[in-house]
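Given next are the chains, with one letter for each unit.
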Amino acid sequence: MSRCIELASACLGATALCLTLAAPAAAQQSFPGIGRAATPAEIAAWDIDVRPDFKGLPKGSGTVARGQKVWDEKCASCHGTFGESNEVFPPIVGGTTAEDIQRGRVKALTEPVGRTTLMKLSSLSALWDYINRAMPWDRPKSLSTDEVYAVVAYILHLGDILPGDFVLSDATIRQAEQRLPNRNGKVKYEPLWNLKGKGDVTNVACMKDCPVGAILASYLPDYARDAHGNLALQTRAVGPTRGVDTSAPSLNAPPPPPTDPALALANRHSCMACHRMEGKHVGPAFKDVAARYAGKPDAAAVLAAKVKSGGAGNWGQIPMPPNTGLSDQDLAVLVKWILSGGS
Amino acid sequence: MAENPGMPVRPSGRLLRAPEHFLSPAQIAEVTAGRRGFLRGAFAAALAGTGGVAAAQGTGDANILELPAHTKGLGQPVATHGYGQPSQYERNLQRRESPGLTRVSAASVSFAPLQGMFGIITPNGLHFERHHQGWWDIDPSKHRLMINGLVKNPLVFTMDDLMRLPSVSRMHFIECGANTGMEWGNVAVPTVQYTHGMLSCCEFTGVALSTLLDMAGYDKKAGKYILVEGADGSSMTRTVAMERALDDCMVAYAMNGEMLRPENGYPLRMVAPGIQGVSWVKWLRRIEVGDMPYGTKDETLHYVDLMPDGLHRQYTSIQECKSVITSPSGGQTLLDKGFHNITGLAWSGRGKIRRVDVSTDGGRNWRTAKLESPILSKCLTRFNFGWVWDGGPAILQSRAIDDTGYVQPKINQLRAVRGTRSIYHNNAIQSWRVAEGGEVSNVQVY
């Protein structure tokens, strides 16, 4: 919200004078007859944004209890009673812990799990402003200021961020923000903001005998062939190509299932979702693991324990979650296979 | 995830010719016997619905020898359609939703059918759509634009006002920050429509934003940012750097020679060249000048890039250099071996395209493609590359370089820095695998 509001209210008593003052003398000179001064009431009607420093936040307050009423009546039908619904949009509440509130960083954001609103939220203004301008989705801008405070308080209460007796207001909102689980989780990234920025990923324009891994790393599984409908009906029926008739079986023979039993096991236990034999993926390449532990007498036992309990910090910042569902027998096969470099 | 079958492509165990679905068993036998010239005619005939009449057999093609009705009769009068329509034979090219991507279609996206488009301009009816709270057809006589914040003169403009001001017309691409977002972890969708179709390019006409900011007397010292805001239910808000706003942003009312389409913001939208599409706020109602970024919902909860360490990058606006082959592309089948024109699009949010290279062997060897004119800043550039398909397996890729020297990266290079869960700003080299049968599919090779 702008400075003009304050200016405007300062001179409400002398509206006529203010309007004259605000008349765009320079603008009139360059493009006479075009545009006119905005009135204070017009600005107040439209200038509703709330900035991260809470400039623009209107005075008001709401309790968690009132927020629950607003939520149940106006929000729960789409977002679920506890903000957990996945029906119209990813869940709003969930995935944050007391530890996150301490640190101001959400640990689960490093794990391959879905992301809720509260996991990502770093400034409370964004939540307040958005609900105020856009929710309920089918009746935006129908909430009173106090209802917005109340429902924001209730959402934060659902996330165990605010206690049940909290009163959220323009006076307490900064205090509430200091408990956001992900308040320290953002960085303004200049290289992709600035036109002259350099970017963060580089490639070189190799032209001949360029190094490429000898793999077809990913392709669409055959069962997903017609997930987007019949592609024959989505391409022009004249020209150098036709759309593939995906109602019929593929002309590309599907790749054979892996014949290596250890690889099949690794697939079954989802190890290959994060690992490759060669090349770093989410986790380290198994060949690199084999190289690091080569010749160490207790390598198999150490790795088996690590796979089972999960680990972090040995290969980078991304942790490996525990793999608890593995039998000792499968684990032994997998570790042997990893240490052998896949042979 | 299954292990890879080995580079580049395993010869197909079931080698069938492309148009099998249209041919009778007898015709298939002829094809298998090697009479390849037969194919094209059979294909055309099958599509024309006449069934099994081979071209250029006997004395010649029936389409030539027997004069059709349109050559021997009277056609339709002028103005049959007050607003012209595409041919009835073009119905396959539609913007489409990707099933399962979103849950409600008023907060969803429809993708432009890049596989069937030519040159660099997107026809208005095929421009991709992204709405957060549905679209509206707003009465232009009631639409207003307000400029306030750190300005000497807060102003209100009607559409009449804006259309009286000096106008500028420029061609620019618009790409959603989430374009190709489904492919960060693995191949997820079959065709270029769904991998890259949140991309369009128009000639926009409107008023330079600098003109309006000058009229309002913006604060040249403190005014480092602007907020743009829409008039729809979502009242979308986004922060744009003042430097960009003064450079080449405009407030546009027209696209490709006509007024904006309602789905694209009629009667007024923001045009922010090179910046992700969400900042091109539609149904634009207000611009506020401020001294800090606004941290809006779509700058805090979405359009933020999640890094492997759990930190989100915020304000990652620029759409970096990228390209894609649009034909042949995923979900298509090549008609026959022999000459094919590999064609595609290249663009950069930082400037002009300098060069595009094409590989047909999965990135081992590259040759430079021909760029078609015009080559404009922050605009699509069309490239073409002649290729003789020998009927064997191939993997087609394109790699663009912009005039800053930046080279479009490979997916594994992006992943090494950003992981697989950042959703936005995937500008990786796209690979299309051509199988022996001529079927083209979406793969990742690096």
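Predicted, not measured: the structure shown is a model, and the values here were computed from it. (Residues numbered from 1 in each chain as written. Chains lettered and ligands numbered in written order. Predicted model: local features only at pLDDT ≥ 70, side-chain atom pairs only at ≥ 80, totals over all residues. Heavy atoms only, no water.)

**Describing the interface of chain A and chain B**
Okay, step 1: If you look at the interface, chain A gives 122 residues, while chain B gives 146 residues.
Okay, step 2: Of the roughly 11,800 Å² buried at the junction of chain A and chain B (both faces included), carbon and sulfur atoms supply 56%.
Okay, step 3: Counting across the interface, chain A meets chain B through eight salt bridges.
Okay, step 4: Ionic pairing is found between arginine 133 of chain A and glutamate 229 of chain B, a salt bridge with its closest N-O pair at 2.8 Å.
Okay, step 5: Joining chain A to chain B, the criterion identifies 62 residue pairs in polar contact (both at pLDDT 80 or more). (Contact = heavy atoms within 4.5 Å. Buried area = accessible area lost by both parts, 1.4 Å probe. Salt bridge = Lys/Arg side-chain N within 4 Å of Asp/Glu carboxyl O. Polar contact = N/O pair within 3.5 Å; in protein donor to acceptor, adjacent residues only side chain to side chain.)

**Quick notes on the side chain of asparagine 124 of chain B**
Residue and element names in this part refer to chain B.
Okay, step 1: Here asparagine 124 shows up in the loop between strand S1 (108-110) and strand S2 (129-131).
Okay, step 2: Looking at asparagine 124, the relative accessible area reads 8%, which means it is buried.
Okay, step 3: One polar contact links the side chain of asparagine 124 to the main-chain carbonyl oxygen of methionine 255, over a distance of 3.1 Å.
Okay, step 4: Among the polar contacts listed, one links the side chain of asparagine 124 to the side chain of glutamate 258, at a separation of 2.8 Å.
Okay, step 5: Residues within four places of asparagine 124 in sequence aside, it is in contact with Arg95, Cys202, Met255, Asn256, Glu258, Arg261 and Asn264. (Helix = DSSP H or I, 4+ residues; strand = E, 2+ residues; numbered from the N terminus. Buried < 20%, exposed > 50% of the residue type's maximum accessible area, 1.4 Å probe, protein only.)

**A look at the sheet that holds strand S12 (residues 284-290) of chain B**
Okay, step 1: Strands sit in the order S1(A)-S4(B)-S3(B)-S12(B)-S7(B)-S8(B) across an open sheet of six strands; the sheet is mixed. The sheet is open, and its two borders are formed by strand S1 (36-37) of chain A together with strand S8 (237-241) of chain B, each paired with just one other strand.
Okay, step 2: Bridge count between strand S7 (residues 225-230) of chain B and S12 of chain B: six bridges; the pairing is antiparallel. Looking at S12 of chain B, one finds that glutamate 229 of chain B is bridged to arginine 286 of chain B. (Pairing = 2+ DSSP bridges.)

**Description of the sheet that holds strand S20 (residues 370-371) of chain B**
All names here are of chain B.
Okay, step 1: Read from one edge of the open sheet, four strands run S15-S17-S21-S20, paired in antiparallel fashion. Sheet topology places strand S15 (322-327) and S20 at the edges, where each strand pairs with a single neighbour.
Okay, step 2: Alignment of S15 against strand S17 (residues 338-347), held across five bridges, turns out to be antiparallel. Paired with serine 327 across the bridge in S17 is threonine 343.

**Quick look at helix H14 (residues 299-309) of chain A**
Three- or four-residue spacings in an α-helix give side chains the same orientation, since the helix completes a turn every 3.6 residues.
All names here are of chain A.
Okay, step 1: Along H14, the residues classified as buried are Ala299, Leu303, Ala304 and Val307. The buried residues of H14 occupy an angular sector of 125 degrees when the element is viewed end-on, so they sit on one face.
Okay, step 2: Elements in contact with the buried residues of H14: helix H13 (286-293) and helix H15 (328-339).
Okay, step 3: Within two residues after H14, glycine 310 carries a phi angle of roughly 80 degrees, on the positive side. (Arc of directions from axis to C-beta.)

**What to know about unusual backbone geometry**
Okay, step 1: For the peptide bond that leads from tyrosine 266 of chain B to proline 267 of chain B, omega is 5 degrees, which places it in the cis range.
Okay, step 2: Counting through the fold element by element, proline 267 of chain B comes out in the loop between strand S10 (258-259) and strand S11 (269-271).
Okay, step 3: Of the consecutive residues serine 373 of chain B and proline 374 of chain B, the connecting peptide bond is found in the cis state with omega at 0 degrees.
Okay, step 4: Relative to the helices and strands, proline 374 of chain B resides in the loop between S20 and strand S21 (381-389).
Okay, step 5: Of note in this structure, aspartate 160 of chain A is not a glycine but carries a positive phi near 60 degrees.
Okay, step 6: Checked against the element boundaries, aspartate 160 of chain A lands in the loop between helix H10 (145-158) and strand S3 (167-169).

**As for the packing of aromatic side chains**
Pairs of aromatic rings are described using the distance from one ring centre to the other and the angle between the two planes.
Okay, step 1: Tallied over the entire structure, the rule returns nine aromatic pairs over all chains.
Okay, step 2: With a centroid separation of 6.2 Å and an interplanar angle of 35 degrees, the aromatic rings of tryptophan 193 of chain A and tyrosine 225 of chain B are classed as tilted. Here tryptophan 193 of chain A is found in the loop between strand S4 (186-188) and strand S5 (218-219), whereas its partner tyrosine 225 of chain B is found in strand S7 on a different chain.
Okay, step 3: Classification of tyrosine 225 of chain B as buried rests on a relative accessible area of 15%. (Phe/Tyr/Trp six-rings, centres within 6.5 Å; stacked < 30°, edge-to-face > 60°.)

**Thoughts on empty space enclosed by the protein**
Residue and element names in this part refer to chain B.
Okay, step 1: Taken as a whole, this structure holds ten cavities of 30 Å³ or more when the rule is applied.
Okay, step 2: Contributing to the lining of the largest cavity are 21 residues, with Arg130, Arg269, Gly277, Val278 and Lys282 lying nearest its centre.
Okay, step 3: Ranked by the residues each element gives to the lining of the largest cavity, the list is headed by S2, at three residues.
Okay, step 4: Each residue belonging to the lining of the largest cavity can be placed in one class, and the counts come to nine nonpolar, six polar and six charged.
Okay, step 5: In this structure, the second largest cavity occupies an estimated 160 Å³ of space.
Okay, step 6: Along its surface, the second largest cavity is lined by 19 residues, and Ile411, Ala428, Ile429, Gln430 and Gln444 are the ones closest to its centre.
Okay, step 7: Take the lining of the second largest cavity: its biggest share by element is three residues, from strand S24 (residues 440-444).
Okay, step 8: Within the lining of the second largest cavity, the residues separate by chemical class into eight nonpolar, nine polar and two charged. (1 Å grid on protein atoms, 1.4 Å probe; cavity = no way out; pocket = protein on both sides within 12 Å on 5 of 7 lines; lining within 4 Å. Points joined across faces, edges and corners; volume = space filled by probe spheres on them. Nonpolar A, V, L, I, M, F, W, Y, C, P; charged D, E, K, R; others polar.)

**Notes on the state of the cysteines**
One way to say it: the disulfide is the covalent bond shared by the sulfur atoms of two cysteines.
Okay, step 1: Tallied over the entire structure, the rule returns one disulfide over all chains.
Okay, step 2: Across the disulfide from cysteine 206 of chain A sits cysteine 210 of chain A; the S-S distance is 2.1 Å. Note on the cysteine 206 of chain A and cysteine 210 of chain A pair: the S-S dihedral is about -100 degrees, so by sign convention the disulfide is left-handed.
Okay, step 3: When its relative accessible area of 24% is taken as the criterion, cysteine 206 of chain A is described as partly exposed.
Okay, step 4: Judged by its relative accessible area of 5%, cysteine 210 of chain A is buried.
Okay, step 5: Not engaged in a disulfide, the cysteine cysteine 78 of chain A finds its nearest cysteine sulfur in cysteine 75 of chain A; these two sulfurs lie 8.9 Å apart.
Okay, step 6: Classification of cysteine 78 of chain A by relative accessible area gives partly exposed; the value is 31%.
Okay, step 7: Sulfur of cysteine 201 of chain B: no disulfide; nearest cysteine sulfur belongs to cysteine 379 of chain B and is 3.7 Å away. (Disulfide = S-S within 2.5 Å.)

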